Amino acid sequence: MTSLLTRPSSIRSTFAGAVPLRIGVIGYGYWGPNLARNIASHAGTELAAIADLSPKRLAGARAAHPGAWLTADVRELLADPEIDAVVVATPPETHHDLVVRALESGKHVLVEKPLATTIADAEEMVDLARRCGRTLSVDHTFLFTGAVRRMKRYFEAGEVGDVYYYDSTRINLGLFQHQTNVIWDLAPHDISIMLHLIDDPVRSVSAVGARHVDANVENIAYLTLQFEGPMLAHFHVNWLAPTKVRRTIIGGSKKMLVYDDGEASEKLKVYDSGAKLCATDEDIYRTLVEYRTGDVLAPRLEKAEALAVEVAHFENVVRGLEAPLSGGELGLKVVRIIEAAQRSLLSGGHPVEVAA
Ligand SMILES: NC(=O)c1ccc[n+]([C@@H]2O[C@H](COP(=O)([O-])OP(=O)(O)OC[C@H]3O[C@@H](n4cnc5c(N)ncnc54)[C@H](O)[C@@H]3O)[C@@H](O)[C@H]2O)c1
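Described in the following lines is the structure provided in the data block. Everything quoted here is computed from the prediction, not taken from an experiment. (Residues numbered from 1 in each chain as written. Predicted model: local features only at pLDDT ≥ 70, side-chain atom pairs only at ≥ 80, totals over all residues. Heavy atoms only, no water.)

### Looking at the overall build of the chain
- Scanning the chain for helices and strands turns up 9 helices and 15 strands.
- By the compact-globule yardstick of 21 Å for 356 residues, the chain fits well, its C-alpha radius of gyration being 22 Å.
- The C-alpha extent of the chain, read off along each of the three principal axes, is 85 × 45 × 40 Å.
- Across the 356 residues that make up the chain, the buried fraction comes to 52%. (Helix = DSSP H or I, 4+ residues; strand = E, 2+ residues; numbered from the N terminus. Rg over C-alpha atoms; globule rule 2.2 N^0.38 Å. Buried < 20%, exposed > 50% of the residue type's maximum accessible area, 1.4 Å probe, protein only.)

### Points about the site of the ligand
- Of all residues adjacent to the ligand, which total 20 residues, the nearest are Y30, W31, D52, K113 and T141.
- One of the backbone nitrogen or oxygen atoms of W31 is found 2.8 Å away from an oxygen atom of the ligand.
- One of the side-chain nitrogen or oxygen atoms of D52 is found 2.6 Å away from an oxygen atom of the ligand.
- For the ligand, the accessible surface in isolation is 850 Å², of which the surrounding protein chains cover 81%.
- Grouping the constituent residues of the shell around the ligand by class yields 9 nonpolar, 6 polar and 5 charged. (Near = heavy atom within 4 Å. Polar contact = N/O pair within 3.5 Å; in protein donor to acceptor, adjacent residues only side chain to side chain. Areas by Shrake-Rupley, 256 points an atom, 1.4 Å probe, with all protein chains shown as cover. Nonpolar A, V, L, I, M, F, W, Y, C, P; charged D, E, K, R; others polar.)

### As for the side chain of D261
- Tracing the sequence through the fold places D261 in the loop between β12 (256-260) and β13 (268-279).
- If we skip the residues at most four places from it in the chain, D261 touches F142, R246 and K267. (Contact = heavy atoms within 4.5 Å.)

### Some points on the packing of helix α4 (residues 95-104) against helix α5 (residues 119-132)
- At a minimum axis distance of 10 Å, the contact between α4 and α5 shows a crossing angle of 10 degrees. Comparing the axis directions of α4 and α5 gives the class roughly parallel. Across the interface between the two elements, H95, H96, V99, V100, L103 and E104 from α4 touch D121, E124, M125, L128, A129 and C132 from α5.
- Its residues placed into classes, the contact of α4 with α5 shows 7 nonpolar, 2 polar and 3 charged. (Axes fitted to C-alpha atoms, helices over the stretch in contact; angles between N-to-C directions. Parallel < 35°, antiparallel > 145°, perpendicular 65-115°, else oblique.)

### Considerations on unusual backbone geometry
- Cis peptide bonds are those with omega within 30 degrees of zero, and the linkage from K113 to P114 qualifies with -15 degrees.
- Structurally, P114 can be placed in the loop between β5 (108-112) and α5.
- At E266, a position not held by glycine, the phi torsion is positive, near 50 degrees.
- Note that E266 resides in the loop between β12 and β13.

### Notes on the packing of aromatic side chains
- Using the criterion set out here, one finds 2 aromatic pairs in the structure.
- Arranged with centres 6.0 Å apart and planes meeting at 45 degrees, the rings of Y30 and W31 form a pair that is tilted.
- For Y30, a relative accessible area of 63% corresponds to the exposed category.
- Ring geometry for Y166 versus F235: centroids 5.8 Å apart, planes at 40 degrees, classification tilted. On the criterion of sequence distance, the pair formed by Y166 in strand β7 (residues 163-173) and F235 in strand β10 (residues 232-238) is long-range, its members being 69 residues apart. Grouping residues by exposure puts Y166 and F235 together as buried.
- A cation over an aromatic ring shows up here: R150 above the ring of Y154, its NZ or CZ 4.2 Å from the ring centre. (Phe/Tyr/Trp six-rings, centres within 6.5 Å; stacked < 30°, edge-to-face > 60°. Lys NZ or Arg CZ within 6 Å of the ring centre and 35° of its normal.)

Shown next as structure tokens:
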């Protein structure tokens, strides 16, 4: 018996109405505690159990969540019929195995980004969730921030116009991973935000990167995405930068957006700026570039913690009250783009078509 605490003996038939959704967290390393804290503090969910292979991590979990039962053996958690859903916050290379086992045990799943480390694995997970009739959500946390939610409203209202380009920088010092490179670690954040806002099909990806610290793992990379239309996207991800920058510029025909997550306030600025060619009065064969530099607006943003919003949303998706904002299909699209970027990286930067 590997449980460190006895399980509560109360028998529950199923969650319904006011009964909280009982969630088990698998993986209590760096990110798992943030999910556990938000699950424990949300009224509609209950942090029922935590599984981690490390006794040290379990000791930390016991101190923070004395009411949850703990185990080093994930099979115990998955076998518990009183657990409705699991959160998988383990390293990416373990996601496929754990999620498949969770779905086959009848659990709803919220899994960390990236959904999987290959397209084949991600497709299998999405297909299995569909066949099991269970929710499969991916923690693309930034979709639940006040800034991205506000940007989504601008896009839905047609206020940005045609998107010309999407340019993002996500750089900082660390946290170095050993199994996955900086693309797999950081780019899912920006690619998921872009796909959430602008769901245009990506045609191809070119990526270059370099290894300066660990001989096997790229710590810096530049990705360029080509679309069917004229839009262009670029992502700069880097674990070896002296300062933390999380900045995205989106150029639209009507408005331009600057999203700077590093700003304490005014994270989002909306510029009424643009440019167009116009003929001069004197000479119809000459054209001039006319610039538009109108107002700059910093909209008020909701301040709720992104993970708190996401946990509440996950509960509603499981209960069938909301459509998933970040379901398995979005996770699969992200993996398709990242895998194409990885292949491009290995080919020296040649454009690689994104799997349909
Ligand atoms: N959404 C975000 O903003 C965000 C931020 C950081 C990390 N993440 C993601 O979270 C995931 C975990 O990252 P991390 O930095 O917390 O990693 P980590 O290495 O700090 O923690 C992972 C934990 O999982 C445990 N674990 C591994 N295999 C297990 C198994 N089979 N059963 C039980 N426990 C197991 C390990 O013992 C460890 O404590 C990754 O997918 C990462 O991409 C997301």
